[in-house]
Structure formats: C-alpha cells, structure tokens
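Each chain is listed here by its residues.
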Amino acid sequence: MTVPTDQPTDVQAAILTFVEAKTKTSWDPGADIFATGGLSSLFAMELVVHLEKTFGISIGGADMRLENFRTVDSMVGLVTRLGGNASA
C-alpha cells in the first residue's frame, strides 16, 4: 500500500482539492492563497487540522508559521518533510 506522502503529486492533489472546495476557487499550486485577504486565521487552522488528519503528521512549534501554509506548494513541502514520521 502506498502512503500519500510518498507521492508529492498525490499530496498536492489532495491539498488542492481541500483548498478549492473550501474557497470555491481554483488555485495554482504556487499562488499565495492568503494574499487576497479573503481567508481568515480560522481557515489557516482548518488547513492545519486537515493536513494532520489526512497525512498523519503533527504540526507544531516552528512549523506553525503562515509561510508554511501560504501556497499549496509550501504545504506539500511541509507534509513531505514531516511525513517521515507518518505511519499511515
């Protein structure tokens, strides 16, 4: 069985699906989703919870910076980096 974090494109697709469903907007993976000013800190926390539950990772401390959540690409990097500890 393949773990989603083994395939960055799968991680990217999963994050894009979530972000696009929540914002009802299509996003380029490199686009700053917070630059428009229309997204709240509550949405940022939803992203954290979604990433933790979906990819079996724990995000805390220094990783809880907005820079890690600004783009889909930055979230893929975060999940990939933290995914080494994921078992599911």
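Our subject is the structure that appears above.
Bear in mind that the values here come from a model prediction, so they are computed numbers and not experimental data.

Asks: Help me out: how do you make sense of the overall build of the protein chain in this one?
Replies: For the protein chain, the helix and strand inventory stands at three helices and zero strands. Considering the protein chain as a whole, with its 88 residues, one finds that 36% of them fall into the buried category. Partitioning the contacts of the protein chain with sequence separation of at least 6, the portion at a separation of at least 24 is 53%. Taken as a whole, the protein chain presents about 5000 Å² of accessible surface, with 55% of it coming from carbon and sulfur.

Asks: Would you explain unusual backbone geometry in this entry?
Replies: Here K24, not a glycine, exhibits a phi torsion of approximately 55°, which is positive. When you line up the elements, K24 lands in the loop between helix 1 (8-23) and helix 2 (41-55).

Asks: I keep staring at the pattern of salt bridges and nothing clicks. Help me out?
Replies: Pairing between side chains becomes possible if they bear opposite charge and their charged atoms approach one another. Inspection of the entire model under this criterion finds four salt bridges. In this structure, E46 engages K22 in a salt bridge whose closest nitrogen and oxygen atoms are separated by 2.9 Å. Highlighted residues: E46 in helix 2 and K22 in helix 1, separated in sequence by 24 residues.

Asks: Could you clarify how one ought to interpret helix 3 (residues 72-82) in this entry?
Replies: Each α-helix winds once per 3.6 residues, and so residues spaced three or four apart point in a common direction. For helix 3, every residue scored as buried is listed here: V72, M75, V76, L78, V79 and L82. Summarising the axial view, the buried residues of helix 3 lie within an arc of 160°, below the 170-degree limit, and thus occupy one face.

Asks: It is not clear to me how the packing of aromatic side chains should be interpreted in this structure. Could you clarify?
Replies: Ring pairs (aromatic) are described by centroid distance and by the angle formed between their planes. Applying the stated criterion across every chain, the model contains one aromatic pair. Taking the centre distance of 6.1 Å and the plane angle of 55° together, the rings of F34 and F43 count as tilted. Residues F34 and F43 agree in their burial class; the two are buried.

Reading the values: the criteria
Residues numbered from 1 in each chain as written. Predicted model: local features only at pLDDT ≥ 70, side-chain atom pairs only at ≥ 80, totals over all residues. Heavy atoms only, no water. Helix = DSSP H or I, 4+ residues; strand = E, 2+ residues; numbered from the N terminus. Buried < 20%, exposed > 50% of the residue type's maximum accessible area, 1.4 Å probe, protein only. Contact = heavy atoms within 4.5 Å. Areas by Shrake-Rupley, 256 points an atom, 1.4 Å probe, with all protein chains shown as cover. Salt bridge = Lys/Arg side-chain N within 4 Å of Asp/Glu carboxyl O. Arc of directions from axis to C-beta. Phe/Tyr/Trp six-rings, centres within 6.5 Å; stacked < 30°, edge-to-face > 60°.

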